[in-house]
Amino acid sequence: MFELKNITETIVQEALQDYLRHAKLPCTCARCRVDILALALNRLPPRYAVSQKGEILTEWESRALPSQTRIISELVRASETVANSPSHPLDSPVN
Ligand SMILES: [Zn+2]
């Protein structure tokens, strides 16, 4: 099966997992994680490619991706926004 995939989304998801390991956020529940992803992805250029499941990025695909620095700075910014106004009361995380 072929799928249309936003490679930016894949690498931002991976970067977010790393980031959450050392960032001190008030909440990292499923809802807050997707809120952070949505905010960050709206500010990063999408990079669509057709791929087969599990396929590794080809060189030309990875070349046009936003830099790690750019991705991290968008994640920091998005996390701050979510931390300041979470989509749910902080005493009841959404998982
Ligand atoms: Zn949360």
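Scroll up a little and you will see the structure.
Residues numbered from 1 in each chain as written. Predicted model: local features only at pLDDT ≥ 70, side-chain atom pairs only at ≥ 80, totals over all residues.

> It is not clear to me how the packing of helix 2 (residues 30-42) against helix 4 (residues 68-84) should be interpreted in this structure. Could you clarify?
Between two packed helices, the angle of one axis relative to the other and the distance separating the axes together describe the packing. Two elements in contact, helix 2 and helix 4, have axes whose closest approach is 8 Å; the angle formed by their N-to-C orientations is 130°. In terms of orientation, helix 2 lies oblique with respect to helix 4. In the packing of helix 2 onto helix 4, the handedness of the crossing is right-handed. Each of Cys-32, Asp-35, Ile-36, Leu-39 and Ala-40 in helix 2 lies in contact with helix 4, whose residues at this interface are Glu-74, Leu-75, Ala-78, Ser-79, Thr-81 and Val-82. (Axes fitted to C-alpha atoms, helices over the stretch in contact; angles between N-to-C directions. Helix = DSSP H or I, 4+ residues; strand = E, 2+ residues; numbered from the N terminus. Parallel < 35°, antiparallel > 145°, perpendicular 65-115°, else oblique. Left-handed = near helix turned anticlockwise from the far one by under 90°. Contact = placed C-beta atoms within 7 Å.)

> What's the story with helix 1 (residues 7-22) in this structure? I'm lost.
Since the α-helix packs 3.6 residues into each turn, any two residues three or four apart lie on the same face. Taking 1.5 Å of rise per residue, the 16 residues of helix 1 would be expected to cover 22 Å, and the 24 Å separating its terminal C-alpha atoms lies within 8% of that figure. Within the span of helix 1, buried status applies to Val-12, Leu-16 and Tyr-19. One face of helix 1 carries all of its buried residues, which in axial projection span an arc of 70°. Seen from the open side of helix 1, the exposed residues pointing more than 90 degrees away from its buried face are Glu-14, Gln-17, Asp-18 and Arg-21. Taken together, the buried residues of helix 1 touch helix 2 and helix 4. (Expected span 1.5 Å × (residues − 1). Buried ≥ 20, exposed ≤ 12 C-beta atoms within 10 Å, placed from the backbone. Arc of directions from axis to C-beta.)

> Sorry if this is basic, but what is going on with the environment of Glu-80 here?
Mapped onto the elements, Glu-80 comes out in helix 4. Its 13 C-beta neighbours within 10 Å are what place Glu-80 among the partly exposed residues. In the structure, Glu-80 is positioned 54 residues away from Pro-26 in sequence and 9.8 Å away in space, judged by C-alpha atoms.

> Mind showing me how you'd approach the nonpolar core here?
Inside soluble globular proteins, nonpolar side chains tend to come together where they are buried. Membership of the largest hydrophobic core is limited to ten residues, which are Val-12, Leu-16, Tyr-19, Cys-32, Ile-36, Ala-40, Ile-71, Leu-75, Ala-78 and Val-82. Secondary structure elements with two or more residues in this core: helix 1, helix 2 and helix 4. Element by element, the count of residues in this core is highest for helix 4, at four residues. (Core = buried A, V, L, I, M, F, W, Y, C linked by C-beta atoms within 7 Å.)

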